[in-house]
Structure formats: structure tokens, C-alpha cells
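# Structural description and commentary
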Amino acid sequence: RYLTLVHPDDRQRVIDATNRVFHEHVPYSHDERILRPDGSLRHLHTWAHPLLDEHGKLTHLIGVCQDITERVLAEDAVRVLNQDLERRVDERTKTIETSMRDLEAFNAMISHDLRAPLMTIQLSVDQLQSANRSLPPDVATDRFQRIKRAATRAADLLNDLLSLARVGVKPMEKTRVDLSHLSTEVAATLVKACPSRNVEIS
């Protein structure tokens, strides 16, 4: 009657263990599932030890059948939580790795963009220091303007960095950009930075 209550997937294992304890006098200790008359599933831990008489004949068994359903359900819940935690950690790790790669690329780009105006400032200062005191006013004015523009550009880049750092917490704003004017300014800056280079910009 008891075997009819054992879960079909566990039934053969219970039958084998029972046969061994009866015929070979081998004790057993295992977990099994039973289906109660109301249809509910319970997890049990059972163990049985054979008692033999002086002739080695089995007289009866001593055993315990313990309901471990609560423990099994708790272990299953912990297992699910651990799997979910591992998945979230894995996703977070991939996100961090992607962010780090993006940050490295961003730093490389920014260091290049910041180096350009700073080089213009340094070159202009070097030219002013080495120039003759009789430097024509218009030439001096042009070089001072180049220094001012480069310093302003560096300050703008730093301000843009600060704005970019807040982009995740601010709403998106659409702004019209004159790319033709912007590219003309960039080209002019490059030409002045390296006047000796023969470059055609289209």
C-alpha cells in the first residue's frame, strides 16, 4: 500500500532498497516523494535498519520516516535565488566591461581633442617668445587671438565633459548644428596649427 503512494519517479528506487533490506539485510537511507490522498506532494527522508535474530534471520526493522518538505522547498528557493543572482551578476559584469571599454575609447578621444587646443596655445606662446620685439601688430594680434580661441576651445571641451557626465539624469534636448560652419572652423584651426603642411580639404 505504501508503494502506491510513492512518486512514480522514485518508486523503483524504493522497491530496490526495500528488497535489499529484506533479502540482503542492507540498511538504507534515502529521500523520496509521496503523493498523499489529497493529491499534495511531500518530500520524505527515510531510513531503515534490519534487526536479526541469533540465526541471522530478519525479525523486524527499525526506521524513521521524516517529512523534509519545508527544507526541500527552502533549498529550492535558495537555488532559484542563487541562479537569479548569478545571472544578474553576469549581466552586471558584462555591462561594466562594456562601460569600461566605452570609457577607454572615450578617454582616448578626449585626450586627443584636448591635446589639439593645448598644442595651439603652446606653439603660439613659443612663437611670441621667440619673435622679434618689432613684430607687426596685426601678426601679434592674430597669434593672441589663436591663443584665446584655443583656451576657449579647451574650456568648452571641459564644460562638454561635465554636461556629458550629467546626460543620464537630464532630459534630451535637440539643438540645430551648422556642420558646414563647424567643419570650416576646424579646418582653419588645423591650417593655422600646421601652416607648412600642404593639405587639401574638401
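## Topic: the overall build of the protein chain
When helices and strands are tallied, the protein chain shows five helices and three strands. Reading the protein chain from its N terminus to its C terminus gives the helix and strand order α-α-β-β-β-α-α-α. The C-alpha atoms of the protein chain give a radius of gyration of 41 Å, which is well past the 17 Å a tight globule of 202 residues would have. In terms of overall dimensions, the protein chain has C-alpha extents of about 125 × 40 × 30 Å along its principal axes. Here the protein chain, with 202 residues, has 16% of them falling under the buried criterion. In the protein chain, the share of contacts with a sequence separation of at least 24, taken over all contacts with a separation of at least 6, comes to 39%. Within the structure as shown, the protein chain displays about 16100 Å² of accessible surface, and the carbon and sulfur contribution to it stands at 57%. Looking at charge distribution, the protein chain has the averaged site of its 28 positive side-chain charges lying 8 Å from that of its 30 negative ones.

## Quick notes on the pairing of strand E1 (residues 28-35)
Relative to strand E2 (residues 41-52), E1 runs antiparallel, the two being bridged by eight bridges. Counterpart to Tyr-28 in the pairing with E2 is Ala-48. What sits between E1 and E2 in their antiparallel hairpin is a turn of five residues, with Gly-39 showing a positive phi close to 90 degrees.

## Regarding the side chain of Thr-69
When you line up the elements, Thr-69 lands in helix H3 (residues 69-130). Judged by its relative accessible area of 3%, Thr-69 falls in the buried class. Separated by 2.8 Å, the side chain of Thr-69 and the backbone nitrogen of His-43 make a polar contact. Residues contacting Thr-69, with those up to four places away along its chain left out, are Leu-41, Arg-42 and His-43.

## A word on unusual backbone geometry
Even without a glycine there, the phi angle at His-25 is positive, about 60 degrees. Mapped onto the secondary structure, His-25 falls in the loop between helix H2 (8-24) and E1. By relative accessible area, which is 27% here, His-25 ends up partly exposed.

## Side note on the pairing of strand E3 (residues 58-67)
Examined bridge by bridge, E2 and E3 share nine bridges and lie antiparallel to one another. Across the sheet, the residue bridging to Thr-46 is Cys-65, located in E3. Hairpin geometry of E2 and E3 is characterised by an intervening segment of five residues between the two adjacent antiparallel strands and by a positive phi of about 80 degrees at Gly-56.

The rules behind these values
- Residues numbered from 1 in each chain as written.
- Predicted model: local features only at pLDDT ≥ 70, side-chain atom pairs only at ≥ 80, totals over all residues.
- Heavy atoms only, no water.
- Helix = DSSP H or I, 4+ residues; strand = E, 2+ residues; numbered from the N terminus.
- Rg over C-alpha atoms; globule rule 2.2 N^0.38 Å.
- Buried < 20%, exposed > 50% of the residue type's maximum accessible area, 1.4 Å probe, protein only.
- Contact = heavy atoms within 4.5 Å.
- Areas by Shrake-Rupley, 256 points an atom, 1.4 Å probe, with all protein chains shown as cover.
- Lys, Arg positive; Asp, Glu negative; His and termini not counted.
- Charge placed at Lys NZ, Arg CZ, Asp CG, Glu CD.
- Pairing = 2+ DSSP bridges.
- Polar contact = N/O pair within 3.5 Å; in protein donor to acceptor, adjacent residues only side chain to side chain.

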